[in-house]
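Okay, here's what each chain looks like letter by letter:
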Amino acid sequence: MQVKPLIVIPVYNHGATLRDVARRAMNYGEVLIVDDGSTDGGSDKIRDLDLTVISHNENLGKGQAILTAANKAREMGKTHIITIDADGQHFPEDLPIFLEAITQSPEAIFVGSRNFEGQNVPGASKFGRSFSNFWLRVQTGTKLSDVQSGFRAYPLEIFSVIKTSEPRYAFEVEILVKSAWAGYELKDLPIEVHYPSADERVSHFDAIKDNVRISLLNTKLTMRSFMPVPHRQYDKDVDGKITPIHPLRSLRILLSKDETPLNLAIAGAMGMLLGTLPLIAMHSIAILLLCGFFRLSKITGLAVSQLCIPPLVPALCIEVGHYMRYNQFLTEISLQTLGYEALDRFYEWVLGSLVLGPSFAAIIGITIYIMAFTIKRFLDMKPQ
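Along every chain, residues carry numbers that run from 1 in the direction the sequence is written. Only residues with pLDDT of 70 or above have their local features reported here, since the model is predicted, and side-chain atom pairs are shown and tallied only from 80 upward, although totals for entire chains, interfaces and linings are computed over all residues. As a convention, hydrogens and water are excluded, and side-chain values are obtained from all of the structure's heavy atoms.

**Q** Even after reading the chapter, I still don't get the confidence of the model for the chain, so can you show me in this structure?
**A** When pLDDT drops low, the exact placement of atoms in the prediction is not to be read closely. What pLDDT expresses is the predictor's confidence in each residue, scored from 0 to 100. Confidence along the chain averages 84 in pLDDT terms, with 84% of residues attaining 70 or more. What counts as a helix is a DSSP run of H or I of at least four residues, what counts as a strand is a run of E of at least two, and both are numbered from the N terminus. Between the elements of the chain, mean pLDDT differs from a low of 54, seen in helix 8 (residues 247-256), to a high of 97, seen in strand 4 (residues 80-83).

As structure tokens, this is what we get:
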């Protein structure tokens, strides 16, 4: 894939720093300025520079500015955008790190991890970073060290398949979470950062409104991550078109992404094991966290766990648990046995799952391994 990046600088009333950032960024590639309704005349100071400027008539938010840039980049025939803040916080001299990274991994999203060891780093920024990092891990199982960093590289294709609703700062959280759900890899890149003293700092982040928006977004995303329904994932077909992954093609596509039959089998077995356990409302997040931690296929684990949706597997676990307690199966289904004795049934579910979970996991793991191994051999033997 030939990488064609566009450097994007969203700006809103950063006239004091914009020219310096833009001029330095121009040393590393083509630059697009998206003026999000500025009123300080900052864009007038860069009209003599050889770059492209797009202006919003009013302030629509940073997220919308990035979407505007993505649309323009697509028109220009670009493959990626690299966003860098206009306030001078980021060093354009770190752009080669991103350019090298997207050349090596063109389908990944790269996020600059700011070095917070310097001077004047606000305590709110440190807390905000830790807070957002935690929720990204909960919602996706993916670990990033600086979710709030605005210095990023995006492949343009994600803006065609990811639907977002946040136009302002919360957009940068939403796009990462939904991209991870869709199967895109998120990666860190170390960058330097400059924070001026408090009296010189220019920030348009509203501590109340934007934090409320981010908190509401995290609530919505976390609730979605708990739902026992796999997220739609995307891949490219033979013509290079981005399409949803369908169940019948999943193993073939996953194997083509350097997944091994053994890793897929382990992911499926883990999904079955965790799906069998009575982790009420926590199955998806447990699978995401463990598959993410062990670098296993999250989509495989989640897909297999759907076999455990009530009532069949929980009922089997309860029957086995009841037999272990009383040496007989539960034959009476009534308000008494399922209502008033609910705690007993939950205990039996736990007991039964400890027996059936490993058994089901072994069966599923072996089945997936045989299927994946057969498909892989077919793919290896197929003429290129």
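**Q** Mind showing me how you'd approach the side chain of T83 here?
**A** Positionally, T83 belongs in strand 4. Only protein chains enter the calculation, and the probe is 1.4 Å; a residue is then buried if its accessible area is under 20% of its type maximum, exposed if over 50%, and partly exposed in between. When its relative accessible area of 1% is taken as the criterion, T83 is described as buried. A 3.5 Å cut-off defines polar contacts: any pair of N or O atoms within that distance qualifies, except that in protein one atom must be a possible hydrogen donor and the other a possible acceptor, and neighbouring residues in sequence count only when both atoms are side-chain atoms. Of the polar contacts made by the side chain of T83, one reaches the backbone oxygen of G150; its length is 2.8 Å. Any two residues whose heavy atoms approach within 4.5 Å at even a single point are treated as in contact. Leave out the neighbours within four places in its chain, and T83 touches V8, I66, G150, F151, R152 and Y154.

**Q** Which parts of the structure should I look at to understand the environment of L316?
**A** Assignment of secondary structure puts L316 in helix 12 (residues 312-326). Counting along the chain gives 37 residues from L316 to S353, while the straight-line C-alpha distance between them is 8.6 Å. Residues within four places of L316 in sequence aside, it is in contact with L356 and F360.

**Q** Sorry, what's going on with empty space enclosed by the protein here?
**A** Over the atoms a probe the size of a water molecule is rolled, and this reveals where empty space is left. Method remark: on a 1 Å grid restricted to protein atoms, a set of points is classed as a cavity if a 1.4 Å probe fits but cannot get out and as a pocket if it is open with protein on both sides within 12 Å along at least five of seven lines; lining residues have an atom within 4 Å of a point. Grid points are joined across faces, edges and corners, and a volume is the space filled by probe spheres set on the points. Under the definition given, this model contains one cavity of 30 Å³ or more. Taken as a whole, the largest cavity encloses approximately 40 Å³ of empty space. Residue lining of the largest cavity: S132, W135, L136, Q139, V147, V173, L176, V177 and N218, and that is the complete set. Counting only elements with at least two residues in the lining of the largest cavity, the list comes to helix 4 (123-140) and helix 6 (171-181). In terms of residue count, helix 4 provides more of the lining of the largest cavity than any other element does, four residues in total. Here the residues of the lining of the largest cavity sort into six nonpolar, three polar and no charged. For this classification, the nonpolar set comprises Ala, Val, Leu, Ile, Met, Phe, Trp, Tyr, Cys and Pro, the charged set comprises Asp, Glu, Lys and Arg, and every other residue, Gly included, is treated as polar.

**Q** Teacher, can you tell me more about helix 12 here?
**A** Every α-helix carries 3.6 residues per turn, so stepping three or four residues along brings you back to the same face. Its 15 residues place the ends of helix 12 21 Å apart at the C-alpha level, agreeing with the 21 Å of an ideal helix rising 1.5 Å per residue. Those residues of helix 12 that sit buried are V313, P314, C317, I318, G321 and H322. Just downstream of helix 12 lies N327, where phi reads positive at about 60 degrees. Working rule for helices: expected span equals 1.5 Å times residues minus one.

**Q** So what exactly am I meant to see when it comes to unusual backbone geometry here?
**A** Generally, phi is negative for residues other than glycine and the peptide bonds are trans, each holding for most cases. Despite not being glycine, N13 shows a phi value in the positive range, around 55 degrees. Its location among the elements puts N13 in the loop between strand 1 (5-11) and helix 1 (15-25). In this model, N327 sits at a positive phi of 60 degrees, which is unusual for a non-glycine residue. With respect to the element layout, N327 can be found in the loop between helix 12 and helix 13 (335-340).

**Q** Would you mind showing me how to read the environment of L144 here?
**A** Along the chain, the position of L144 falls in the loop between helix 4 and strand 6 (152-155). Residues within four places of L144 in sequence aside, it is in contact with V111, N133, L136, L176, L186, K187 and D188.

**Q** How should the pairing of strand 6 be read in this particular structure?
**A** In regular strands, side chains alternate between the two faces of the sheet. Alternating residues of strand 6 divide into R152 and Y154 and A153 and P155, and every residue in both groups is buried. Strand pairing is assigned whenever DSSP identifies at least 2 bridges connecting the two strands. With four bridges joining them, strand 4 and strand 6 adopt antiparallel strand pairing. From the neighbouring strand, H80 faces strand 6, where its bridge partner is P155. Bridge count for strand 5 (residues 109-114) against strand 6 is two bridges, and the pairing is antiparallel. Its bridge partner lying in strand 6, F110 is registered against A153.

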